[in-house]
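# Observations on the model geometry
Here's the letter readout for the chains.
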Amino acid sequence: MPAAIEIKNLQKSYEDTVALRGIDLTIEPGEFYGLLGPNGAGKTTTIGIITGLVKLESGSVSVFGKDIIRDYRFTRSKIGVSPQEFTSDWFFSIEKLLIFQAGYYGIPKNLAQPRVDEVMKKLGLYEKRDDKIRFLSGGMKRRFMIAKSLVNDPDILILDEPTAGVDVELRRMLWEYLQELHEKGKTILLTTHYIEEAEKLCGRVSIINDGKIATEGAPHELIRSLGKGSIEVQLTGWQASDGGKLNGLSFTYEPGEGDGRLSFSVDDPEKELPQVVELVSRNGCHIHEVKITKSNLEDVFVALTGREINK
Amino acid sequence: MNWIGFRTLTMREITRFFAVYRQTVIPGLITSGLYIIIFGLTLQQRITAIDGVSYTVYILPGLIMMNVITNAYNNTASSILQMKLLQQMQDMLITPMSNIELALSFIIGGAVRGFINGILVLLLGIAIVGMPVEHPLTVLLFLLIVSWAFSSAGLILGIIAESWDNIATMVNFFITPLIFLGGVFYSINMLPGFWRNVSLANPIYYVINGLRYAVLNVGDTPFSVSFSAALIMTIVFTIIGVGLFQKGYRIKS
């Protein structure tokens, strides 16, 4: 089966800036994939090219094996998109707009209506169906944007910052809903600023910075490859040296009043913990407290880009 | 061809202006009615008939065209600009509709508004001053062509425009002057030679003159010339408008 989305050497320049410097990306059917990166990294441009909002300059994109330019009718019918910026409208109710949206996808009204009703109910928009967008709250607008991306029952769902500016409750609800859609077999590509979101939802992520992919992999693999975990043991009775290596694990010792603190630097703290505890006990020490520090995706991000994602 | 998509967007464009008929349909009727009453009650007694037609009736085809042109143009131009400003254009661009389907839907929406406004002022003329309609089928055909032409012109301007000011500038500085100078209120034969020739360079002169022939069977220029001029405008504006849309000019980054 061809990849859900395959991007090859995508490059794009705007008047005075280079937005993409050769992006290669393959997303398999059924994946939940995250694009992480600071503002201006090229996430929205990449999504724009896949969906037809941004002109392709160089490189190629295919969706289920079909080229997005030559076979745009096929590729666009497979994709649902929720852009980052809210749309507005002065004339029509949100229900009407969703029916229109389905219509552009070639779905006649009688088939669109049950689908639109279902999506509105699922996202808690049904009570507001007669309202116009401009009278909706920010959270409701976000729900509407997501509803709109689902009216054509797409195989691939592309969400650009779906939880930007929404409250915690709605964020959790959207996470649950996205997981449900993923379990039903939809391929999901999302961009986000929220590291927690990517760690929680995505099977694989790419960190994109300055128009290039800095790294790609499963979140836990990326964290492990960074190898920056530690185990701290608060103890009494430590007799050995101030620091060095114990069974190949490097450590430091800080004496304190009555007791002291051993810090082990390890790749995977959860895996190394039993060994550390055993080593320390074997030295006749009494352990008071153990503290584990693990890297997260944010640390991976900082290590790769030299800046924090939200800065 | 994505017929359902095409029909959906076309119907959206039509329902959009009907939803605000107080802004899009009624004003043309009121101003035209005012012109008819004011000119009919006051000036008509002082101006002799032109080409054997009373003055009020003589200006009616021009008033109809004024409505057709401004409504067709404004509908498409403002719809496109609004969609750009409200981020709605992206909703269409991501769908499996071709650029030609999108562009034609917008053109048809504006053309329908221009046509309906034209017909309403025509009926108003018949009702208030008993205006005769000499060639009814030609009138309908000509109104359709001109509605399409100026709706396409609106598409071009809507694509190029980046603010409401751009659209208003175009209307105030070009379209309205060209309509008034196109012989709505006079026959260009009344003008001195130089200005008469200048008028012949005004494309709107031909559409007014053509409709005057179709409605009243009088005119300064043969109908075939007016009809050709209208047809050329339709083709040229459509090709440019659809072409710009195809290129994604100021629509896609």
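Everything numeric here is computed off the predicted structure, so don't read it as measured data.

What counts and how
- Residues numbered from 1 in each chain as written.
- Chains lettered and ligands numbered in written order.
- Predicted model: local features only at pLDDT ≥ 70, side-chain atom pairs only at ≥ 80, totals over all residues.
- Heavy atoms only, no water.
- Axes fitted to C-alpha atoms, helices over the stretch in contact; angles between N-to-C directions.
- Helix = DSSP H or I, 4+ residues; strand = E, 2+ residues; numbered from the N terminus.
- Parallel < 35°, antiparallel > 145°, perpendicular 65-115°, else oblique.
- Left-handed = near helix turned anticlockwise from the far one by under 90°.
- Contact = heavy atoms within 4.5 Å.
- Domains from an automatic or database assignment.
- Buried < 20%, exposed > 50% of the residue type's maximum accessible area, 1.4 Å probe, protein only.
- Pairing = 2+ DSSP bridges.
- Salt bridge = Lys/Arg side-chain N within 4 Å of Asp/Glu carboxyl O.
- Polar contact = N/O pair within 3.5 Å; in protein donor to acceptor, adjacent residues only side chain to side chain.
- Core = buried A, V, L, I, M, F, W, Y, C linked by side-chain atoms within 4.5 Å.

Turning next to the packing of helix α8 (residues 219-226) of chain A against helix α10 (residues 297-305) of chain A. All names here are of chain A. Running from N to C, α8 and α10 cross one another at 60°; their axes reach a closest spacing of 9 Å. As judged from the angle between their axes, α8 and α10 are oblique. Of the two elements, α8 crosses α10, and the hand of that crossing is left-handed. Residue-level inspection shows Pro219, Leu222, Ile223 and Leu226 of α8 in contact with α10, the latter providing Leu297, Asp299, Val300 and Ala303.

Each assigned domain of chain A is listed with its residue range as follows: domain 1 (5-89 + 153-223) and domain 2 (229-294). Once you take the C-alpha centre of each, domain 1 of chain A and domain 2 of chain A turn out to be 42 Å apart.

A few words now on the pairing of strand β3 (residues 32-36) of chain A. All names here are of chain A. Burial analysis of β3 places five of its five residues in the buried class, the great majority of the element. By the alternation rule, side chains of β3 split into Phe32, Gly34 and Leu36 and Tyr33 and Leu35, which are all buried. For β3 and strand β9 (residues 204-209), the ladder comprises four bridges, and the chain directions are parallel. By the bridge assignment, tyrosine 33 is partnered in β9 with arginine 204.

Once that is clear, we can look at the sheet that holds strand β11 (residues 229-236) of chain A. Residues and elements named next belong to chain A. One open sheet holds the five strands; their spatial order is β12-β13-β14-β11-β15, and the pairing between them is antiparallel. For this open sheet the edge positions go to β12 (243-246) and β15 (286-293), each flanked by a neighbour on one side alone. The mean inter-strand angle of the sheet, taken between neighbouring strand axes irrespective of direction, is 25°. The sheet contact formed by β11 and strand β14 (residues 260-266) spans seven bridges and is antiparallel. Considered in β14, the bridge of leucine 235 is made with glycine 260.

Note that methionine 92 of chain B resides in helix α5 (residues 89-93). For methionine 92 of chain B, a relative accessible area of 0% translates into the label buried. For the pair methionine 92 of chain B and leucine 102 of chain B, spaced ten residues apart in sequence, the C-alpha to C-alpha distance is 7.8 Å. Sequence-distant contacts of methionine 92 of chain B, that is, excluding residues within four places in its chain, are made with Tyr104 of chain A together with Leu9, Arg12, Met83, Leu102 and Phe106 of chain B.

Facing the 31 residues of chain A at the interface are 29 residues of chain B. Where chain A meets chain B, there are three salt bridges. Glutamate 101 of chain B is paired through a salt bridge with arginine 73 of chain A; the nearest N and O atoms lie 2.8 Å apart. In this assembly, chain A and chain B are joined by 18 residue pairs in polar contact (both at pLDDT 80 or more). Those elements that place two or more of their residues in the side of chain A that touches chain B are α2 (72-78) and α3 (94-104) of chain A.

This part takes up the nonpolar core. Ranked by internal contacts, the top residues of the largest apolar core, which has 94 residues, are Ile5, Ile50, Leu189 and Leu297 of chain A together with Met89, Phe106 and Phe245 of chain B. Considering each element in turn, this core owes the most residues, seven residues, to α3 of chain A. With residues near it in sequence (within four places) discarded, isoleucine 5 of chain A still touches Leu25, Thr26, Ile27, Ile50, Val61, Ser62, Ile156, Ile158 and Leu189 of chain A.

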